[in-house]
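Secondary and tertiary structure notes
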Amino acid sequence: LAKAHGIDAFLLDVGQWKMPDKKTGELKETNYTKAAARMFEAATRTGFRLAMAPEGYIARGGLAENTKDMLRLYHDHPNYFHYQGRPLFAVYINRPDAWGQPLTELREEEGIDPLFVGNFWNPRWAMTWSVETARSFFRESAELDGLINFGTMGTALEINANANARLATILEGKVC
């Protein structure tokens, strides 16, 4: 059905990655890591491309460790979605600087350089993204390459947030 509609790639909503074992503290696979492996296996058979879209909740197992682990595992998979030659990494919630440091380390230490886009929490006073709120995210992390909005219902607030995000990324020379 997706192919019939011209869809050839999907973001994997990753609500959890590896979690510490209660006895040893060692990071162990979860249903999410196992499901991602199956999804990439299916992508190989079907030709779809996939990209990681972790939520800030992966921090429960260590945000830096889990971010690095998922990108190490999949960034060079033949079915991983790349944009402008870089593996897409689309995050949801948290702040840009929380994600930026592990991405800097991956790039500098291992040469893995994902295209980092995000949908971040607003400051407490902001109901939705203004152009300035959206632009402020880029000041929090030099690694941030753009913004993404996962809102799909098309409410007036989401349409406004998308328009403001797009204008902000144009003004910053980034992607949306």
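Residues numbered from 1 in each chain as written. Predicted model: local features only at pLDDT ≥ 70, side-chain atom pairs only at ≥ 80, totals over all residues. Heavy atoms only, no water.

**Remarks on the side chain of Thr-133**
What counts, and what does not: Labels follow the DSSP assignment, with helices taken as runs of H or I lasting at least four residues and strands as runs of E lasting at least two, numbered in each case from the N terminus. Only heavy atoms enter the contact rule, under which two residues are in contact if any of them lie within 4.5 Å.
Looking at the secondary structure, you find Thr-133 in helix H4 (residues 131-140). Beyond its immediate chain neighbours, meaning those up to four positions away, Thr-133 contacts Asn-122, Pro-123, Trp-125 and Ala-126.

**A word on the pattern of salt bridges**
In plain terms, the rule: A carboxyl oxygen of Asp or Glu within 4 Å of a side-chain nitrogen of Lys or Arg is what we treat as a salt bridge. Here's how the labels work: a residue is buried when its accessible area is under 20% of the maximum for its type, exposed when over 50%, partly exposed in between, all with a 1.4 Å probe on protein chains only.
Overall, the coordinates contain 12 salt bridges when judged by the stated rule. Two residues, Asp-145 and Arg-86, come together in a salt bridge whose shortest N-O distance is 3.0 Å. Separated by 59 residues along the polypeptide, Asp-145 in the loop between H4 and strand E8 (146-147) and Arg-86 in strand E6 (residues 86-92) bring together distant segments of the chain. Residue Arg-139 is joined to Glu-132 by a salt bridge in which the shortest nitrogen-to-oxygen separation is 2.4 Å. Residue Arg-139 is classed as exposed on the basis of its relative accessible area of 57%.

**Examining helix H1 (residues 31-46)**
What counts is decided by this rule: Expected span of a helix, by definition, is 1.5 Å for each gap between consecutive residues, and there is one gap fewer than residues. Regarding the arc, it is the one traced by the directions from the helix axis to the C-beta atoms. Whenever two N or O atoms come within 3.5 Å, that pair is a polar contact, provided that in protein one can donate a hydrogen and the other can accept it, and provided that, for residues adjacent in sequence, both atoms are side-chain atoms.
The first and last C-alpha atoms of H1 sit 22 Å apart over 16 residues, in line with the 22 Å expected at 1.5 Å per residue. Restricting attention to buried positions, one finds in H1 the residues Thr-33, Ala-36, Phe-40 and Ala-43. In a view along the axis of H1, the buried residues occupy a sector of 75 degrees, so they form one face of it. What points out from H1, more than 90 degrees from its buried face, is the exposed set Asn-31, Arg-38, Glu-41 and Arg-45. In this fold, the buried residues of H1 make contact with strand E1 (9-14), strand E4 (49-54) and helix H2 (63-74). Structurally, the start of H1 carries an N-cap: the backbone nitrogen of Tyr-32 is 3.2 Å from a side-chain oxygen of Thr-30. Gly-47 lies just past H1 and shows a positive phi near 90 degrees.

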